[in-house]
Amino acid sequence: MPTNVLTLTVLVFLPLVGALLIAATPSKAVGLQRGIALVATLAVAWVGMLLCLDFDGSTAAVQFGQTAPWFTLPGGVDVHYRLGMDGISVLLVGLTSILGPIVVLSTWGHIHERVKEFMIWLLVMQTGMLGVFLSLDLILFYVFWETSLIPLYFILGIWGGERRLYATIKFFLYTVAGSLVMLIAAIWLIWTAGTADVMKLIDVAGAMPVDTQLWLFAAFALAFAIKVPVMPFHTWLPDAHTEAPTSGSVILAGVLLKMGTYGLLRFGIAMFPGAALQAAPWMMALGVIGIVYGAFLAMAQTDVKRLIACSSVSHLGYVVLGLFALTEAGLRGSLLQMVNHGLSTGLLFLLIGMIYERRHTRALDQYGGIASVMPFFALFLVFAVLSSVGLPGLNGFVGEYLILLGTWQASPWLAAIAVTGVIFGAVYLLMATRKMLFGPVVHSENRSLSDLNGREIGLMLPIVALCVWIGVQPNAFLDRTDGSLRDVVSRIERARSARTASVEIVPVHRLEIEAR
Amino acid sequence: MLQQAPPIPTGSQAYDWLWLIPALPLAAAALCGILHFLTLRSRGAWKKKATAHGHGEHGHAGHGHDDHGDAGHAAHGADHGADHGHAKVAAGIGGLGPWVAALSMYAAFALSLKGFAILRDLPEAARVIRSTSWSWIDTGTFGIDIAMHLDPLSSVMTLVVTGIGALIFTYAAGYMKGDPGYAKFFGYLALFAFSMLMLVLSSSLIGLFVGWEGVGLCSYLLIGFWYEKGWPAEAGQKAFVMNRIGDASFLLGTFLLAQLFGSLDMAAIVAGVPGSISAHSTELFLAGLFLFGGACGKSAQIPLFTWLPDAMAGRTPVSALIHAATMVTAGVYLVVRLNPLFAASPTLLAIIGIVAAVTAFVAGTTALVQRDIKKVLAYSTVSQLGYMFLGLASGAWAAAIFHLVTHAFFKALLFLGAGSVIHGMHEEQDMHKMGGLKRHMPATFLTFIAGAAALSGLPLLSGFFSKDEILAHTFAQGTPLYYALWAVGIVTAALTAFYTWRMVALTFFGKERFDAAKVHPHESPAVMTLPLMVLAVLSVFGGALGLPVVFNAPHLLAEWLEPVTASGTRILHEAHGEHELSHATEWVLLGLGSLIAIVFAVRGFRAYVGGTARDLDREAKSPRLAAFLGDAWTIDTKYTTFIVGPVKLLAFVIAVVVDAFAIDGLVNGVAAMTRGIGGRVRKMADGSIATYGLWMGAVTALMAFLFLWKH
């Protein structure tokens, strides 16, 4: 299909159109609302997939770009409506598109009240997320950033569990704190540079003095680090995940957290390479701490959903580590691992949701022996766990290996500590699997559980297929990131040589002074 | 001797059929999985019908056993099934599982033979064939490509894996008959075979790692196969985690090798090592050490050995066996595959030697006092793996592979024999409750004797030659350390002979110590005893593959492996000179080996042929020593106390003190300070669109304010 028809604008606003259509339906027409949501997200998935397949990864150039003037800021800076896809965003756009219909289908099982509102928020959120990954104007980016977060406040606050208010407020405070700091830095940057065009800003900011870069980097990185979340800004995540409805958790783990790691790459590393170079040891250290800390946190959990949430802290530690290794392998691995985490952890949350709908508990000790009652559930859970612990042949391994390899090239010691995550990951995930699936059936309530139905199996199959595809043929995905990541690496190398050059200049300068 | 390592081979489409060797079992595994779920569906329907008619599953149990063709057995089918904790059920469509799996193994074996024949017809220096590569991961700086690489070493391994595998699959078809997870079990077995073949055929270290982790996974699944019991699932988890400790180390080794050689193709690494010894000796040592760490996990060497005995004490002897015969030898294969890397560092070889000797000795002493027949075999496996690594530490690459092959023969035989005994004894594993079984199960008895004789190293049997060759090489190193290692090896040989014949005596001789009213031992069906006979023949005559120099016969295996082992051997010779034993010394060592094996075999047999008195006596006299040995020198208990406990404690401290109290406390404190804002947020979160709009307006106002303030 020609891409001039299926533009990025269509992709980004299709969900919003769906949301508007749903808004026009009578609130009792639950079937119609679900139907519209499903059709809209399926259309998004279709368009998104076509665009990703059409994308040429050999170049760093922005593709499918669309620009229109929007408004002029006081001070004469023009703000544009500017969308475009490059190697940094392509995989995440694909992930966001494909998870849409899966999440909508999963709501059949657990969203029974205020379905209309829920579907609207869900679709608005998808528009926001796609916009975040695709907007190449800093103001537009910020607008989408907020648009994608607000629906989650509502999803969490209205459809959440018992402690939903606490979780919502915590999530809100954390993100608002980060967003405001980022907003201030963004505005300062736009005024100083005289443009809001992200691609131009990347050139301008990269040439700024490192001290200036560091301040801006710190402001941006804080917002993104909260979003990822990087330890010690992580405590909102377990609460948010535990209280969120299944679909909320899937989106949160699958896509929203990736907005943080995406931001770190585009607005941290690519935009401020000089600062990133200076901050890299610290960020890598935070990544490694996250890996180990998250794993230990997960080991101590008795609530299975909370355990998966803590495992996210650990897994995203890998992503941060790989990003700030600032090596080609590390960046490739991190970008792929963002997708991998979305798939495997999304699958885990879907499965936990499915069993919760049957058994209404998340306590690990309430299960046991489920494998003999629900063999299909067991099959999928074991698959998701294996994908998550990085079994070679499935997706997780490729990302993890590239990240660790890239880290080794930057710092063997940190790689040696990070590799323990491979062990701890197996400890807590297999422990949880054993407690849920194996052993005798102790609780009589578990004896009569019904196995997964066709809808539940069907909605997971695309994820399973992707996990295998990435695991077996990762180059199909890695190749698409190639051009852009090479560009990022060359920016870092330039900043590195500028730094060594300036270090060399100092003694010469001093010699001149002494000579005088 | 070859003058140089074979060049890095290029792949050819003509050999793309090599991919079929692992692909066939993989396809079989997928098919078995489908069969399993089809069975579940039909059984679900059947169960509903049966309940409607008032029949439980147990009503069906007896019928499932008629297929054994053994009247005595069938009569006891019902309580046998109850022993399993399962009702035995008709396999239904899942009954096709073993056919599919076994067929794939026989086909893979035929292809392995074809590969062997092709290699044999090539000139010695060119004995490598390679399929075209599959570009797996492009790391940005180098590509990880995997080809199927068949050379003399991988051809030996594929023949062992597919050949013994085919026998095991056949046997398992009988052993697992009537289990509700019949097809699933064969799916796991086939997946295991796929992983193992991937491991030995892959050209890349990362391709090897795919199989390496794959066998770990299958081991996890097979150990936990009867997961309803609970503890097999725990043993499986322990195995996976301990293997992962080794795997983490393995990964570090691959990073270092990639950094050194810019490639993870093993042929490239082997070719690159000799040239980089002088410049990068520390890196090579570290890379080897990291990989050996991986081998310790997979091949159950100290400190990572404690998972294996637990894993093997699981209920399926078949799974125990594939561990013993194939999976745990992966570490030995890895070292031989990269032999120049290990040869490059004498320190590393010494470390391997010490670890190997200590492992062999500790496991040997532990096997002395076990009552569970499978635990004896499990610790014996750990101990024999120690021998193989001892051979590697002495640079005796071919001898290590020789022992790997003979051990695969006789240990497979012993495990299958033990399985037959356990099967016949209605799931009894305690040898103190056996005795006098030779009358009841003659075929099992005779083949078991052959396996025991080979394991204990009785003269002229397979185990005798391979073990003796390793010890001779160790002795020939001629340094104080290696003399000490040799001495430990000799002592362990005595232990081996003793515990092996203790096991034979307790199981098959003496009085019957079981309740004849309840247990009726019986011979297993032909599908189980036939593989035993094949393995017995191999165990007895397998030594012909590698006769000692003094016999004036060719060492077939060493000559065959020469192209692979030459590089490492040459590095060793250049560094330390050649160590050749005089014929007289070799005769003395052979004689000593024979004498020790015979003496301790006889002592072990005579001490226990009368019954269990000696065990009970020892336990009464020195209970602490008995407990210490029985618990494998309490190493596992120490791990629980000093590693598992603190880790759990740390996890608790992190979750409760650091996370919930310190970090979250801080966050909640900040939140409390801004309670005013919090109240408004609360309202907003209640879902009022108006408040939300207000909030959005406030943000816009703030933005506007900032703009104006600046200009």
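Quick caveat, the model's predicted, so the values are computed rather than measured. (Residues numbered from 1 in each chain as written. Chains lettered and ligands numbered in written order. Predicted model: local features only at pLDDT ≥ 70, side-chain atom pairs only at ≥ 80, totals over all residues. Heavy atoms only, no water.)

### Details of the overall build of chain A
In step 1: What chain A contains, in helices and strands, is 20 helices and two strands.
In step 2: Relative to a compact globule of 516 residues, whose C-alpha radius of gyration would be 24 Å, chain A shows 23 Å and is just as compact.
In step 3: Along the first, second and third principal axes, the C-alpha atoms of chain A reach 90 × 50 × 45 Å.
In step 4: Looking at chain A, you have 30 positive and 29 negative side-chain charges, and the mean spots of the two groups are 6 Å apart. (Helix = DSSP H or I, 4+ residues; strand = E, 2+ residues; numbered from the N terminus. Rg over C-alpha atoms; globule rule 2.2 N^0.38 Å. Lys, Arg positive; Asp, Glu negative; His and termini not counted. Charge placed at Lys NZ, Arg CZ, Asp CG, Glu CD.)

### Some words on the overall build of chain B
In step 1: Summing up its helical and strand segments, chain B has 29 helices and four strands in all.
In step 2: Here chain B holds 711 residues, and the buried ones make up 60% of them.
In step 3: Look at the contacts in chain B between residues 6 or more apart in sequence, and 82% of them connect residues 24 or more apart.
In step 4: Carbon and sulfur atoms provide 68% of the accessible area of chain B, an area that totals close to 25,900 Å². (Buried < 20%, exposed > 50% of the residue type's maximum accessible area, 1.4 Å probe, protein only. Contact = heavy atoms within 4.5 Å. Areas by Shrake-Rupley, 256 points an atom, 1.4 Å probe, with all protein chains shown as cover.)

### Notes on the packing of aromatic side chains
In step 1: Going through the model one piece at a time under the given rule, you end up with 47 aromatic pairs over all chains.
In step 2: On the numbers, 4.9 Å between centres and 85° between planes, the contact of F118 of chain A with W159 of chain A is edge-to-face. Of this pair, F118 of chain A sits in helix α4 (residues 115-134) while W159 of chain A sits in helix α5 (residues 138-159); the two residues are 41 residues apart in sequence, bridging distant segments of the chain.
In step 3: Judged by relative accessible area, F118 of chain A falls into the buried class, the value being 0%.
In step 4: Arranged with centres 6.4 Å apart and planes meeting at 80°, the rings of F169 of chain B and F186 of chain B form a pair that is edge-to-face. (Phe/Tyr/Trp six-rings, centres within 6.5 Å; stacked < 30°, edge-to-face > 60°.)

### Details of the interface of chain A and chain B
You'll often see interface size given as the accessible area lost when the parts meet.
In step 1: In this complex, chain A contributes 81 residues to the contact, which on the side of chain B involves 69 residues.
In step 2: In this assembly, chain A packs against chain B so that about 6,600 Å² is buried in total across both faces, 77% of it on carbon and sulfur atoms.
In step 3: Considering only the side of chain A, the residues that lose the most area to chain B are W191, Y401 and W408 of chain A, jointly responsible for 11% of the buried surface there.
In step 4: On the surface where chain A and chain B come into contact, there are two salt bridges.
In step 5: We note a salt bridge from R332 of chain A to D138 of chain B, for which the minimum N-O separation is 3.6 Å. (Buried area = accessible area lost by both parts, 1.4 Å probe. Salt bridge = Lys/Arg side-chain N within 4 Å of Asp/Glu carboxyl O.)

### Concerning the confidence of the model for chain B
Residues and elements named next belong to chain B.
In step 1: In this model, chain B carries a mean pLDDT of 82, and residues with pLDDT of at least 70 account for 85%.
In step 2: Of all the helices and strands in chain B, helix α2 (residues 58-66) carries the lowest mean pLDDT, 35, while helix α14 (residues 330-337) carries the highest, 94.
In step 3: Every residue in residues 49-87 is under pLDDT 50, and counting partners more than four places away or in other chains gives 51 contacts.
In step 4: Note on residues 684-690: pLDDT is under 50 here. Beyond four places in sequence and across chains, it has 14 contacts.
In step 5: Model confidence for the complex is summarised by a pTM of 0.90, with the ipTM given as 0.91. (pLDDT = per-residue confidence, 0-100.)

### Focus on the environment of F349 of chain A
In step 1: Mapped onto the secondary structure, F349 of chain A falls in helix α13 (residues 328-359).
In step 2: When near neighbours in sequence (up to four residues on either side) are disregarded, F349 of chain A contacts H241, T246, S249, V250, A253, K305, I308 and A309 of chain A.

### Looking at the pattern of salt bridges
All names here are of chain A.
In step 1: Applying the stated criterion across every chain yields a total of 26 salt bridges over all chains.
In step 2: Residues R82 and D197 are paired through a salt bridge, measuring 3.3 Å at the closest nitrogen-oxygen approach. Here D197 lies in the loop between α6 (164-193) and α7 (198-206) and R82 lies in strand β2 (residues 78-85), a separation of 115 residues in the sequence.
In step 3: Classification of R82 as buried rests on a relative accessible area of 15%.

### As for the side chain of R127 of chain B
Residue and element names in this part refer to chain B.
In step 1: On the secondary structure map, R127 appears in the loop between α5 (97-121) and β1 (129-130).
In step 2: Of the buried charged residues, R127 lacks a salt bridge, with E124 as the closest side chain of opposite charge at 5.1 Å.
In step 3: Here L119 takes part through its backbone oxygen, which lies 3.1 Å from a polar atom of the side chain of R127.
In step 4: Leave out the neighbours within four places in its chain, and R127 touches L119, R120, L122, L150, D151, P152 and W560. (Polar contact = N/O pair within 3.5 Å; in protein donor to acceptor, adjacent residues only side chain to side chain.)

### Details of the packing of helix α8 (residues 210-227) of chain A against helix α10 (residues 246-270) of chain A
Residues and elements named next belong to chain A.
In step 1: Packing of α8 against α10 leaves a shortest axis separation of 7 Å and a crossing angle of 160°. With respect to each other, α8 and α10 are oriented roughly antiparallel. Every pair of crossing elements has a handedness; the one defined by α8 and α10 is left-handed. Along its contact with α8, which presents F217, F220, A221, F224 and K227, the element α10 presents L256, L257, M259, G260, G263, L264, F267 and G268.
In step 2: Of the residues in the contact of α8 with α10, the class split is nine nonpolar, three polar and one charged. (Axes fitted to C-alpha atoms, helices over the stretch in contact; angles between N-to-C directions. Parallel < 35°, antiparallel > 145°, perpendicular 65-115°, else oblique. Left-handed = near helix turned anticlockwise from the far one by under 90°. Nonpolar A, V, L, I, M, F, W, Y, C, P; charged D, E, K, R; others polar.)

### Observations regarding the packing of helix α19 (residues 442-455) of chain B against helix α22 (residues 526-541) of chain B
Residue and element names in this part refer to chain B.
In step 1: Two numbers describe how α19 lies on α22: the axes approach to 9 Å, and their chain directions differ by 30°. One way to sum up the angle between α19 and α22 is to call them roughly parallel. For the crossing formed where α19 meets α22, the hand is left-handed. Facing A443, T444, T447, A450 and A454 of α19, the residues of α22 in contact are T529, L532, M533, A536, S539 and V540.
In step 2: Looking at the contact of α19 with α22, its residues break down into seven nonpolar, four polar and no charged.

### So, the pairing of β2 of chain A
In step 1: Among the eight residues of β2 of chain A, seven are classified as buried, and the element is accordingly described as predominantly covered.
In step 2: In sequence, strand β1 (residues 63-72) of chain A turns back onto β2 of chain A through a hairpin of five residues, with G75 of chain A there showing a positive phi of about 110°. (Pairing = 2+ DSSP bridges.)

### Observations regarding the nonpolar core
In step 1: Membership of the largest hydrophobic core comes to 447 residues, with the highest contact counts inside it found for M85, L189, F220, F324 and L437 of chain A together with L338 and F342 of chain B.
In step 2: Not counting the four nearest positions on each side in its chain, M85 of chain A is found in contact with L8, L51, C52, F55, A61, V62, Q63, F64, V90, V93 and L134 of chain A. (Core = buried A, V, L, I, M, F, W, Y, C linked by side-chain atoms within 4.5 Å.)

### Digging into helix α18 (residues 420-437) of chain A
Residues and elements named next belong to chain A.
In step 1: Under the 1.5 Å per step criterion, the end-to-end length of α18 is 26 Å for 18 residues, consistent within 8% with the ideal 26 Å.
In step 2: Along α18, 15 of the 18 residues are buried, which leaves the element largely enclosed by surrounding structure.
In step 3: Note on α18: the residue one or two positions beyond its end, G439, has a positive phi of about 80°. (Expected span 1.5 Å × (residues − 1).)

### A short note on unusual backbone geometry
Backbone geometry follows two general trends: most residues other than glycine have a negative phi, and most peptide bonds adopt the trans configuration.
In step 1: Cis geometry marks the peptide bond from M231 of chain A to P232 of chain A, where omega comes out at 10°.
In step 2: Turning to its location among the elements, P232 of chain A is positioned in the loop between α8 and α9 (236-243).
In step 3: Cis peptide bonds are those with omega within 30 degrees of zero, and the linkage from I302 of chain B to P303 of chain B qualifies with 10°.
In step 4: One non-glycine residue with positive phi stands out, namely F64 of chain A, at about 55°.
In step 5: Mapped onto the elements, F64 of chain A comes out in strand β1.
In step 6: Positive phi is not limited to glycine here, since T634 of chain B has a value of about 55°.
In step 7: Within the fold, T634 of chain B resides in the loop between α26 (623-630) and α27 (635-673).
In step 8: Overall, T634 of chain B belongs to the buried group, its relative accessible area being 17%.

### Side note on the state of the cysteines
In step 1: Inspection of the entire model under this criterion finds zero disulfides over all chains.
In step 2: With no disulfide of its own, C467 of chain A lies 17 Å from the sulfur of C52 of chain A, the closest cysteine sulfur. (Disulfide = S-S within 2.5 Å.)

### Points about a nonpolar patch on the surface
Residues and elements named next belong to chain B.
In step 1: Together, L649, L650, F652, V653, V656, V657 and F661 line one region of the surface with nonpolar side chains, adding up to about 660 Å² of accessible area.
In step 2: Tracing the backbone shows L649 in helix α27.
In step 3: By relative accessible area, L649 is classed as exposed at 54%. (Patch = residues over 30% accessible without salt bridge, like charges linked within 9 Å, V, L, I, M, F, W, Y side chains within 5 Å.)

### Brief notes about the environment of G471 of chain A
In step 1: For G471 of chain A, the position within the fold is in helix α19 (residues 454-472).
In step 2: With relative accessibility at 0%, the residue G471 of chain A sits in the buried group.
In step 3: The spacing of G471 of chain A and D137 of chain A is 334 residues in sequence and 34 Å in space, taken between C-alpha atoms.
In step 4: Residue contacts for G471 of chain A: discarding those within four places in its chain leaves G393, L394, N395 and V398 of chain A together with W136 of chain B.

### Topic: the pairing of strand β3 (residues 143-146) of chain B
Residues and elements named next belong to chain B.
In step 1: Burial along β3 is one-sided: the face carrying I144 and I146 is buried and the face carrying G143 and D145 is not.
In step 2: Where strand β2 (residues 134-138) and β3 come together, four bridges link them in antiparallel fashion. Note on β3: the bridge partner recorded for W134 is I146.
In step 3: Joining the antiparallel neighbours β2 and β3 is a turn of four residues, in which G140 adopts a positive phi near 100°.

### Describing the side chain of S383 of chain B
In step 1: Relative to the elements of secondary structure, S383 of chain B occurs in helix α17 (residues 373-393).
In step 2: Residue class for S383 of chain B comes out buried when judged on its relative accessible area of 0%.

### Some words on the environment of A275 of chain A
Residues and elements named next belong to chain A.
In step 1: Its location among the elements puts A275 in helix α11 (residues 273-299).
In step 2: Owing to a relative accessible area of 0%, A275 belongs among the buried residues under this scheme.
In step 3: C-alpha of A275 to C-alpha of I492: the two residues are 217 residues apart in sequence and 9.8 Å apart in space.
In step 4: Setting aside anything within four residues of it in sequence, one finds A275 in contact with Q213, L214 and F217.

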